[in-house]
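Examination of the molecular architecture
One letter stands for each residue in the lines below.
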Amino acid sequence: MATTVRASSTNTAATGTAISVSAPAGTTTGDVVIVAVHANNLVTVADNNGSTPFTKDLADFQNPIGLQTLSVFSRRIQAGDPATYNFTIGTSGRWTIHAITFQNPHASIIYDVSPTAGNNRDDASANTGTSIDITTGTANAVHCAMLGTDSQSNAITATPSGYTVEQNS
């Protein structure tokens, strides 16, 4: 069976350091959940899930021009995992968190191409986000592009051809 998105969830706040998001609907043992945390300012994002921690796959990628931080986490869901995922940022400010559940994932590989600081672009005042090309090594691999804006009033209004918007906040 092909890997597909089962569901997603999101949460956002204008201020605070405690970040949480509900497990996407239907998430079950064996699914892979990828969590993206976007925070205003240059901060450290820490997993706060106790005995069910996520792996930090993109460690606090900071944009010093736009004063934003993006962190990406993942976890293969196990029996007894909590229904809410918790993280903490080091300085109070605006934040958004998205959790996306993938069903029927590869048995041992989460990423075909891991998220890295080299797969991004930063702009201080542009109104168009541009993703760097990523060449996958596996046929039918799931490809995610993440864009963060530095204002709760900004909305992402268009996506590249062939993409499906899973979350937009």
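Above this text sits the structure in question.
Because the structure is predicted, anything quoted here is derived from the model rather than measured. (Residues numbered from 1 in each chain as written. Predicted model: local features only at pLDDT ≥ 70, side-chain atom pairs only at ≥ 80, totals over all residues. Heavy atoms only, no water.)

Concerning the packing of aromatic side chains
Here is the rule we go by: Any two of the Phe, Tyr and Trp rings considered here, Trp counted by its six-membered ring, make a pair once their centres fall within 6.5 Å; the pair's planes then place it as stacked at under 30 degrees, edge-to-face at over 60, or tilted in between.
With the rule as written, the count across this model stands at three aromatic pairs. An aromatic cluster is defined as three or more aromatic residues linked by ring pairs; in this entry it consists of Phe54, Phe73, Tyr85 and Phe87.

Examining the pattern of salt bridges
Using the following cut-off: Each salt bridge in this description consists of a side-chain nitrogen of Lys or Arg and a carboxyl oxygen of Asp or Glu lying within 4 Å of one another. The helix and strand labels rest on DSSP assignments: H or I over at least four residues marks a helix, E over at least two residues marks a strand, and numbering proceeds from the N terminus. Per-residue accessibility, obtained with a 1.4 Å probe over protein chains only, is compared with the maximum for each type, and a residue is labelled buried under 20%, exposed over 50%, and partly exposed between these values.
Counted by the stated rule, this structure contains two salt bridges. Across the pair Arg6 and Asp31 runs a salt bridge whose closest N-O atoms are separated by 2.7 Å. With Arg6 in strand E1 (residues 4-13) and Asp31 in the loop between strand E2 (18-22) and strand E3 (32-40), this residue pair connects regions lying 25 residues apart in the sequence. Using a relative accessible area of 31% as the deciding quantity, one classes Arg6 as partly exposed.

Brief notes about the nonpolar core
The test is simple: Each nonpolar core is a collection of buried residues, namely Ala, Val, Leu, Ile, Met, Phe, Trp, Tyr and Cys, held together in the definition by side-chain atoms within 4.5 Å.
Grouped together as the largest cluster of nonpolar side chains are 18 residues, with contacts concentrated most on Val35, Tyr85, Phe87 and Ile97. Counting only elements with at least two residues in this core, the list comes to E2, E3, strand E7 (84-89) and strand E8 (95-103). Per element, the largest residue contribution to this core is four residues, and it comes from E3. Counting eight residues, the second-largest nonpolar core is a separate cluster that includes Val32, Ile34, Val72 and Ile100.

Thoughts on the sheet that holds E2
Two orientations exist for strands paired in a sheet by backbone hydrogen bonds: parallel and antiparallel. Here is the rule: In this description, strands pair whenever DSSP reports at least two bridges between them. Between N-to-C directions, angles span 0 to 180 degrees; the directions come from axes that are lines fitted to C-alpha atoms, helices contributing only their stretch in contact.
With antiparallel pairing, three strands are arranged side by side in an open sheet as E2-E7-E4. With one partner strand each, in any of the chains shown, E2 and strand E4 (45-47) form the two edges of the open sheet. Neighbour-to-neighbour, the strand axes of the sheet open up by a mean angle of 30°, direction not taken into account. In this sheet, E7 lies alongside E2 in antiparallel orientation, the contact comprising five bridges. Residue pairing for E7: Ala18 is matched across the bridge by Thr88.

Points about unusual backbone geometry
The phi angle at Asn41 is positive, at roughly 90°, despite the residue not being glycine. With respect to the secondary-structure elements, Asn41 resides in the loop between E3 and E4. With relative accessibility at 34%, the residue Asn41 sits in the partly exposed group. One non-glycine residue, Asn104, adopts positive backbone phi at about 60°. Note on placement: Asn104 falls in the segment after E8. For Asn104, a relative accessible area of 30% corresponds to the partly exposed category.

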